[in-house]
Structures are given as structure tokens and as C-alpha cells.
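Single-letter residue listing:
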Amino acid sequence: LILFDLDDTLSDRAGAFRNWARKWIARHGIGDPDALDWMCTNDDGGYRPRDLFFADAKERFALPQRASELARDYALTAHDDYHEDPVIVGELRSLVDRGARVGLVTNGAVGQQVKAEKLGIMPLLSCCVVSGLVGIRKPDPRIFALAVEAVVSDRVSACLAMSAVELETCWMLSLARVTTRSASS
């Protein structure tokens, strides 16, 4: 079982946010030439709570909408800039074709599943565990246990599988940046 994160691993979250922010700035008629950089910096890679982010954006750009309205608009439109990446889908399909089970374990709200669907990876996943749906966030090991339990058909097998092997990890900045070489290259 190979478990992946979603944002900036299987998706270009930074690029998608930048595209969304560019459209948001235009939609709100913001003429500040530093607006895009401000949005991307203050987004903090998606870690900044949306209510705080949009409260600051409202103040910074003197917007008439309430911060809660801006955050709601974000929740409805933020996933529009996620699209299937043939490289990522191809790499995941290659793993599955070789007998691997692949899964997604990600922090965030239900919108993470929407992203995965837009990326075209859901049919390839043996499990999709989203922290906002299960009430456990990474790095808590229980979220990984839920992923194993979702893939292994019964709890006894899941417990044996998890106790028989240590969970090995690696940090991948982006699967899209992974290149493969043939034996002849």
C-alpha cells in the first residue's frame, strides 16, 4: 500500500491557488499590483484558516463583502483550477498495473475529495481518507491506520499488516517532478 498526500504532491496546489487568486482579484476589481503576491503569501500554502485569510483580504482590499461571504465563495470556486495531469494519472496507473494499491491520506475538508475527482485519480485509489471527514489529522498515526483498514478487508488482517511492517515514509514534493529512467539511459 502506497499512501500519498494530495496538495503539492499529487496536485499543484500552489499553482491552482495562484490561478484562482488571479481570477478572484479580477472579479473583485482589485487594482493593487501587489495583490496576487499578497494573496499567495498570506494563503500560507493553504494552512492559514480561511476565516482569518479572508478577514485580512477584506481589510487589505477594502471589500464590501463580509469575510464569511468571501470564504464561502472560495469554498465554492477554489477547486475549479484543478485538472487532470496525465503524468500523475499515468504514474499512479503504472503502480496499480504492477499490483500496488495506492491511497490518499490528506488533511483538509471534504473539498479534498472534489480535488481528487477533478484530478482523475479517484478510480485508481484503494482508499481516500480526508482528515475533515474522519476527525483525525496527519501526522497522527491513526489516520494512516484508517487507510490500511479501508484497504484490508478485515480488522484482524489490518492489525497484522500494520504490526508486521514498519510504516516507511518518504517526502515527495510533487509526483509530477518524478522522472523515470530506463535501464539503457
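The rules behind these values
- Residues numbered from 1 in each chain as written.
- Predicted model: local features only at pLDDT ≥ 70, side-chain atom pairs only at ≥ 80, totals over all residues.
- Heavy atoms only, no water.
- Phe/Tyr/Trp six-rings, centres within 6.5 Å; stacked < 30°, edge-to-face > 60°.
- Lys NZ or Arg CZ within 6 Å of the ring centre and 35° of its normal.
- Helix = DSSP H or I, 4+ residues; strand = E, 2+ residues; numbered from the N terminus.
- Polar contact = N/O pair within 3.5 Å; in protein donor to acceptor, adjacent residues only side chain to side chain.
- Contact = heavy atoms within 4.5 Å.
- Buried < 20%, exposed > 50% of the residue type's maximum accessible area, 1.4 Å probe, protein only.
- Pairing = 2+ DSSP bridges.
- Core = buried A, V, L, I, M, F, W, Y, C linked by side-chain atoms within 4.5 Å.
- Patch = residues over 30% accessible without salt bridge, like charges linked within 9 Å, V, L, I, M, F, W, Y side chains within 5 Å.
- Areas by Shrake-Rupley, 256 points an atom, 1.4 Å probe, with all protein chains shown as cover.
- Salt bridge = Lys/Arg side-chain N within 4 Å of Asp/Glu carboxyl O.

J.: What should I look at first to understand the packing of aromatic side chains in this one?
T.: Each aromatic ring pair is characterised by the separation of its centres together with the angle its planes make. Within this structure, the stated rule accounts for twelve aromatic pairs. In this structure, Arg50 packs its charged tip against the face of Tyr74, placed 5.2 Å from the ring centre.

J.: What should I look at first to understand the side chain of Arg48 in this one?
T.: Tracing the chain through its elements places Arg48 in the loop between helix H2 (35–43) and helix H3 (50–60). A polar contact is formed between the side chain of Arg48 and the side chain of Asp56, at a distance of 2.3 Å. Beyond its immediate stretch of four places on either side in the chain, Arg48 contacts Asn42, Asp43, Phe53 and Asp56.

J.: How should I be thinking about the pairing of strand E2 (residues 102–106) in this particular structure?
T.: Side-chain positions along a regular strand alternate between the two faces of the sheet. Where burial is concerned, most of E2 is hidden: five out of the five residues are buried. In this sheet, E2 lies alongside strand E1 (residues 2–4) in parallel orientation, the contact comprising three bridges. When the bridges of E2 are listed, Phe4 appears paired with Leu104.

J.: How should I be thinking about the nonpolar core in this particular structure?
T.: For soluble globular proteins, the rule of thumb is that nonpolar side chains tend to be buried together. The biggest cluster of nonpolar side chains holds 20 residues, and the ones touching the most others in it are Trp20, Trp24, Met39, Phe54 and Phe61. Going through the elements one at a time, helix H1 (13–27), H2, H3 and helix H4 (67–77) are the ones with two or more residues in this core. With five residues, H1 is the largest single contributor of residues to this core. Grouped together as the second largest cluster of nonpolar side chains are 16 residues, Phe4, Ala16, Ile88 and Leu124 included.

J.: Just checking my understanding: could you explain a nonpolar patch on the surface for this structure?
T.: Residues Val110, Leu133, Val134 and Leu146 make up a contiguous nonpolar surface patch of about 300 Å² in total accessible area. Relative to the assigned elements, Leu146 resides in helix H8 (residues 141–151).

J.: Hey, could you run me through the environment of Ser68 in this one?
T.: In this fold, Ser68 is placed in helix H4. Its relative accessible area of 41% is what places Ser68 among the partly exposed residues. Distance in space between the C-alpha atoms of Ser68 and Ala55 is 8.0 Å, their sequence separation being 13 residues.

J.: I tried to follow unusual backbone geometry on my own but got confused; where do I start?
T.: The peptide bond linking Lys138 to Pro139 adopts the cis configuration, its omega dihedral lying at 15 degrees. Looking at the element boundaries, Pro139 is found in the loop between helix H7 (131–134) and H8. Phi angles above zero are rare outside glycine, and Asp44 is one such case at about 55 degrees. Position of Asp44 relative to the elements: it lies in the loop between H2 and H3. Classification of Asp44 as partly exposed rests on a relative accessible area of 47%. Positive phi values are uncommon outside glycine, yet Ala62 reaches one of about 50 degrees. Residue placement: Ala62 occurs in the loop between H3 and H4. Classification of Ala62 as exposed rests on a relative accessible area of 63%.

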